[in-house]
Amino acid sequence: MSPSPDLPVPTSLIDSRPDSVAQLFLSRVRQTPEREAYRYPVPVDEHAADGAPGAEQWRSLTWGQAAERVNSIAGGLMALGIRPEERVAISCSTRIEWILADLGIMCAGAAVTAVYPSTNAEETAYILSDSGSRAVVAEDGKQLDKILGVSAELAELKHIITIDGSLPEQPVEGVEVLSLADLEERGAAYLKEHPDAVTAAVAAIDREQLATLIYTSGTTGRPKGVRLVHDCWSYQAAAQASTGLLNAEDVQYLWLPLSHVFGKTLTSGHIQLGSVTAVDGRVDRIIHNLPVVRPTYMASAPRVFEKVYNGIAGKARAEGGAKYKIFLWAAKVARDWARTGQETLIATGTRQIPFGLQLQHSIADKLVYAKIRAAFGGRLRACVSGSAALAPEIGFFFAGAGVHILEGYGLTETSAGSTVNPGENYRVGTVGTPLPGTEVRIGEDGEILLRGPGVMRGYHNQPEKTAEVLESDGWFHTGDIGEVDKDGFVRITDRKKDMFKTSGGKYVAPSEVEGRFKAVCPFVSNILVIGNGRNFCTALITLDEPAIMQWADTHGQQGRSYAEVCSSAEVHTLIDGFVRRLNGDLQRWQTIKKFTVLPRDLDIEHGELTPSLKVKRPVVERENAEAIEAMYAGTIEA
């Protein structure tokens with residue numbers, strides 16, 4: 001994984017970074033205007049000779065073509081009267097227009113307020129009001145209606161721009177609604193009269209000027225607006241390129257929510273490198289898109305890798321007999337091969353695999369691993385996993401199969417990337433080493449502290465909350481517990497606020513237990529370990545619907561609904577076997593004494609998951625308080 005040959009040496013790349021990604025974008029356009037920048041799916045016209053109803057094809061934008069649209073959007077915002085640092089919100093799923101709007105807003109000198117399209121009306125109103133957003137780029141009629149429904153509460157809101165061209169049936173007093181196409185048309189006209197307006201606006205951007213407000217998905221209380229300045233993103237672009245993990249020839253598949261800091265930061269590194277990004281945020285299209293896009297690089301949340309693993313295991317189980325035995329053997333070989341290689345690399349500096357294990361791995365590659373790599377498109381060099389912990393056993397499995405998952409670490413407050421695993425020398429079970437320019441320190445209580453250009457400049461309108469986590473010398477308190485080994489690799493052990501003590505005085509890191517269970521149980525979707533102040537640990541478990549329904553069809557439960565299957569005695573017995581296997585590898589106080597399989601999976605719509613698929617523990621525990629208490633009924637709490 002060598003860096004692009006036209007890049008400066010890493011240290012100079014950090015030191016000489018521009019003041020903003022807007023400057024970086026204009027520079028990229030000047031350097032490679034004819035080079036492909038983006039790919040995005042569009043429906044094929046049903047009357048086209050080569051198309052069919054529902055079919056799609058991928059189109060491309062060169063850097064020059066992207067710049068035409070970005071400049072028009074920027075000019076259009078200026079024509080609307082949007083001024084530097086004024087906020088323009090984007091409420092939209094991940095698609096090419098999100099990126100173009102984001103760049104257009106930044107090139108106008110304004111700042112983006114990122115709003116998840118799944119955010120409810122009440123919280124959307126709070127975010128738009130707290131940010132003082134003057135305009136909103138809304139994806140479609142659904143988003144338009146939601147915003148119009150709360151517009152009376154938004155004194156600053158003057159314009160709504162709809163990507164799909166949706167318009168209200170009646171004019172709205174005090175708010176202009178126009179399509180993105182109309183905005184771009186206005187922008188083109190504005191730039192004819194003011195041809196240097198965009199370049200002048202970009203040149204005037206100060207690196208400490210507000211670029212983005214991203215509101216944290218709070219589990220309690222109102223979300224906090226994280227103030228990320230232009231230098232945060234410029235630093236991220238330089239730091240990502242400096243790692244050498246990516247190069248100008250890469251094709252990135254981007255599906256992560258762009259309203260989330262993890263997805264957003266990927267757009268910065270892509271501009272620095274001048275590579276290709278294929279954009280499609282529809283999660284249900286990932287498996288279909290991978291063989292079409294054939295990416296060399298992809299970032300993802302662990303849940304996707306877990307679902308892929310469960311799907312592979314479930315398919316092998318359904319085929320039964322010899323094929324299932326071959327899969328189980330190959331999975332063990334993959335883990336043994338990857339773990340042995342990592343252990344010898346740490347001990348001796350080189351990977352040393354015994355000949356017998358090499359031979360088994362070679363056979364397993366032909367029978368199993370090659371098919372797994374083909375499902376990812378056949379060219380995938382590396383994946384970056386973030387936003388939550390990846391179970392080490394799943395990481396070792398994919399490493400052995402040749403799908404290299406490089407765990408990284410960061411928060412909204414650090415503009416995402418703070419650490420990442422280094423290429424071929426990555427270590428499963430760690431989140432890698434600090435990005436160039438970022439410092440890591442472990443506090444006396446084990447908390448991870450971070451400092452560097454990517455750290456936020458504070459919470460919007462909340463100086464007291466800012467002071468709680470950000471020290472005067474720049475150190476940010478992450479709230480995560482971890483350690484740094486002698487080689488500089490960071491390991492996260494748990495969220496500071498998630499660790500709990502049993503009534504017997506023993507500390508339990510729930511994410512460690514949960515990760516281990518995901519590695520042994522191919523049917524699990526989510527698991528929450530509970531036990532704070534209790535005399536033993538219990539768990540709430542949800543099951544992966546495709547995997548468990550496939551099992552149900554071959555175990556006499558045909559015709560039952562997903563909820564009925566989850567509630568059945570047969571499934572309880574099945575999951576109990578995996579819980580017992582888990583408990584065999586745990587300390588006594590960590591073991592799961594009782595568990596409940598919930599009748600549905602956790603989801604964003606019910607407020608149980610954040611848009612980046614993190615579990616909101618307090619919400620899940622509150623909604624399932626009765627089931628939790630039932631597991632402790634009749635016990636004596638010490």
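Residues numbered from 1 in each chain as written. Predicted model: local features only at pLDDT ≥ 70, side-chain atom pairs only at ≥ 80, totals over all residues. Heavy atoms only, no water.

**Description of the overall build of the chain**
Part 1 of the argument: Looking only at helices and strands, the chain has 22 helices and 25 strands in total.
Part 2 of the argument: Taken over C-alpha atoms, the radius of gyration comes to 25 Å for the chain, in line with the 26 Å a tight globule of 638 residues would show.
Part 3 of the argument: Along the three orthogonal principal directions, the C-alpha set of the chain runs to about 75 × 60 × 55 Å.
Part 4 of the argument: The buried share among the 638 residues of the chain stands at 56%.
Part 5 of the argument: Across the chain, the fraction of contacts at a sequence separation of at least 24, relative to all contacts at a separation of at least 6, is 67%.
Part 6 of the argument: With 65 positive and 79 negative side-chain charges, the chain shows a spacing of 6 Å between the two charge centroids. (Helix = DSSP H or I, 4+ residues; strand = E, 2+ residues; numbered from the N terminus. Rg over C-alpha atoms; globule rule 2.2 N^0.38 Å. Buried < 20%, exposed > 50% of the residue type's maximum accessible area, 1.4 Å probe, protein only. Contact = heavy atoms within 4.5 Å. Lys, Arg positive; Asp, Glu negative; His and termini not counted. Charge placed at Lys NZ, Arg CZ, Asp CG, Glu CD.)

**Description of helix H15 (residues 392–400)**
Part 1 of the argument: When you tally the buried positions in H15, you get seven out of nine residues, the bulk of the element.
Part 2 of the argument: Here the buried face of H15 lies against helix H12 (302–319), helix H13 (321–348), helix H14 (355–375), strand E14 (405–411) and helix H17 (510–520).
Part 3 of the argument: Immediately beyond the C-terminal end of H15, within one or two residues, lies Gly402, with a positive phi of roughly 90°.

**Some words on a nonpolar patch on the surface**
Part 1 of the argument: A cluster of nonpolar side chains, namely Ile326, Trp329, Phe355, Leu359, Ile363 and Leu367, defines an oily patch on the protein surface of about 560 Å² accessible area.
Part 2 of the argument: Of all the secondary structure elements, the ones that give two or more residues to the nonpolar patch are H13 and H14.
Part 3 of the argument: Ranked by residues supplied to the nonpolar patch, first place goes to H14 with four residues.
Part 4 of the argument: A residue is classified by how much of its surface remains accessible, and Phe355, at 64% relative accessible area, is exposed. (Patch = residues over 30% accessible without salt bridge, like charges linked within 9 Å, V, L, I, M, F, W, Y side chains within 5 Å. Areas by Shrake-Rupley, 256 points an atom, 1.4 Å probe, with all protein chains shown as cover. Salt bridge = Lys/Arg side-chain N within 4 Å of Asp/Glu carboxyl O.)

**Concerning the pattern of salt bridges**
Part 1 of the argument: What the rule picks out here adds up to 38 salt bridges.
Part 2 of the argument: As a salt-bridge pair, Glu184 and Arg69 come within 2.8 Å of each other at their nearest N and O atoms. A residue pair is termed long-range when its members are at least 10 positions apart, and Glu184 in helix H7 (residues 180–193) and Arg69 in helix H3 (residues 63–79) qualify at 115 residues.
Part 3 of the argument: For Glu184, a relative accessible area of 14% translates into the label buried.
Part 4 of the argument: A relative accessible area of 24% means that Arg69 is categorised as partly exposed.
Part 5 of the argument: The partner of Glu483 in a salt bridge is Arg491, with the nearest N and O atoms 3.6 Å apart.
Part 6 of the argument: By relative accessible area, Glu483 is classed as partly exposed at 42%.
Part 7 of the argument: Assessed through its relative accessible area of 34%, Arg491 is described here as partly exposed.
Part 8 of the argument: The network of salt bridges with common partners includes Arg17, Asp19, Arg207, Glu208, Asp231 and Arg457.

**Re the environment of Ala108**
Part 1 of the argument: Mapped onto the elements, Ala108 comes out in the loop between helix H4 (96–107) and strand E4 (111–115).
Part 2 of the argument: Residue classification places Ala108 among the buried residues on the basis of a relative accessible area of 3%.
Part 3 of the argument: Remark: the alpha-carbon pair of Ala108 and Ser300, spanning 192 residues in sequence, is separated by 30 Å.

**Examining the sheet that holds strand E23 (residues 524–530)**
Part 1 of the argument: Taken in spatial order, the three strands of this open sheet run E23-E24-E25, and their pairing is mixed. Among the strands making up the open sheet, the edge pair consists of E23 and strand E25 (592–597). Looking at each pair of strands side by side, their axes are set apart by 25° on average, direction ignored.
Part 2 of the argument: With five bridges connecting them, strand E24 (residues 537–543) and E25 associate as parallel partners. Along E25, the bridge assignment pairs Thr538 with Lys594.
Part 3 of the argument: Across the sheet, H17 is in contact with E23, E24 and E25; its angle to E23 comes to roughly 150°.
Part 4 of the argument: The sheet contacts of helix H20 (residues 569–583) involve E24 and E25, and relative to E25 the element is tilted by about 145°. (Pairing = 2+ DSSP bridges. Axes fitted to C-alpha atoms, helices over the stretch in contact; angles between N-to-C directions.)

**Considering the nonpolar core**
Part 1 of the argument: Core analysis: the biggest nonpolar cluster contains 138 residues, and Phe25, Tyr38, Leu77 and Phe398 have the highest contact counts within it.
Part 2 of the argument: Among the elements that line this core, the one with the most residues is H4, at nine residues.
Part 3 of the argument: Leu77 has contacts with Ile82, Val88, Gly104, Ile105, Ala108, Ile161 and Leu183, leaving out every residue within four places of it along the chain.
Part 4 of the argument: Formed by 31 residues, the second largest nonpolar core is a distinct cluster that contains Trp551, Val565, Leu582 and Ile592. (Core = buried A, V, L, I, M, F, W, Y, C linked by side-chain atoms within 4.5 Å.)

**Side note on the packing of aromatic side chains**
Part 1 of the argument: Evaluated as defined, the whole model comprises 10 aromatic pairs.
Part 2 of the argument: Through a chain of ring-to-ring contacts, three or more aromatic side chains come together here, namely Phe305, Tyr309, Phe327, Phe376, Phe397 and Phe398.
Part 3 of the argument: Its end group placed over the ring of Trp589, Lys506 keeps NZ or CZ at 4.5 Å from the ring centre. (Phe/Tyr/Trp six-rings, centres within 6.5 Å; stacked < 30°, edge-to-face > 60°. Lys NZ or Arg CZ within 6 Å of the ring centre and 35° of its normal.)

**Things to note about helix H11 (residues 286–293)**
Part 1 of the argument: Of the residues making up H11, those classed as buried are Ile286, Asn289, Leu290 and Val293. Seen along its axis, H11 keeps its buried residues to an arc of 110°; they face one direction.
Part 2 of the argument: Directly beyond the C-terminal end of H11, a positive phi value near 50° is found at Arg294. (Arc of directions from axis to C-beta.)

**Considerations on the sheet that holds strand E1 (residues 36–43)**
Part 1 of the argument: Here we have nine strands laid out as an open sheet, ordered E2-E1-E11-E10-E12-E13-E14-E15-E16, and mixed in their pairing. The sheet terminates laterally at strand E2 (56–62) and strand E16 (433–434), the two strands that pair on one side only.
Part 2 of the argument: Those strands touched by H3 are E1 and E2, and its axis lies near 85° from that of E2.
Part 3 of the argument: Sitting on the sheet, H11 touches E1, E2, strand E10 (251–254), strand E11 (276–279) and strand E12 (297–300), and the angle it makes with E10 is about 165°.

**Some points on the side chain of Thr216**
Part 1 of the argument: Among the secondary structure elements, Thr216 is positioned in the loop between strand E8 (210–215) and strand E9 (225–229).
Part 2 of the argument: For Thr216, a relative accessible area of 13% translates into the label buried.
Part 3 of the argument: Every residue in contact with Thr216, bar those within four places of it in the chain, is listed here: Pro223, Lys224, Val226, Thr412 and Glu413.

**Overview of the state of the cysteines**
Here a disulfide denotes one covalent bond, and it connects the sulfur atoms of two cysteines.
Part 1 of the argument: If you walk through the whole model with that rule in mind, you get zero disulfides.
Part 2 of the argument: Between Cys537, a free cysteine, and Cys521, which holds the nearest cysteine sulfur, the sulfur-to-sulfur gap is 18 Å.
Part 3 of the argument: Under the relative-accessibility criterion, Cys537 is labelled buried at 0%. (Disulfide = S-S within 2.5 Å.)

**Looking at unusual backbone geometry**
Part 1 of the argument: A positive phi angle, close to 50°, is found at Arg294, a residue other than glycine.
Part 2 of the argument: Within the secondary structure layout, Arg294 lies in the loop between H11 and E12.
Part 3 of the argument: The class of Arg294 is partly exposed, set by a relative accessible area of 36%.
Part 4 of the argument: Although it is not a glycine, Ala416 adopts a positive phi angle of roughly 75°.
Part 5 of the argument: If you trace the backbone, Ala416 turns up in strand E15 (residues 416–420).

Geometric descriptors of this kind do not, in isolation, establish any biological role.
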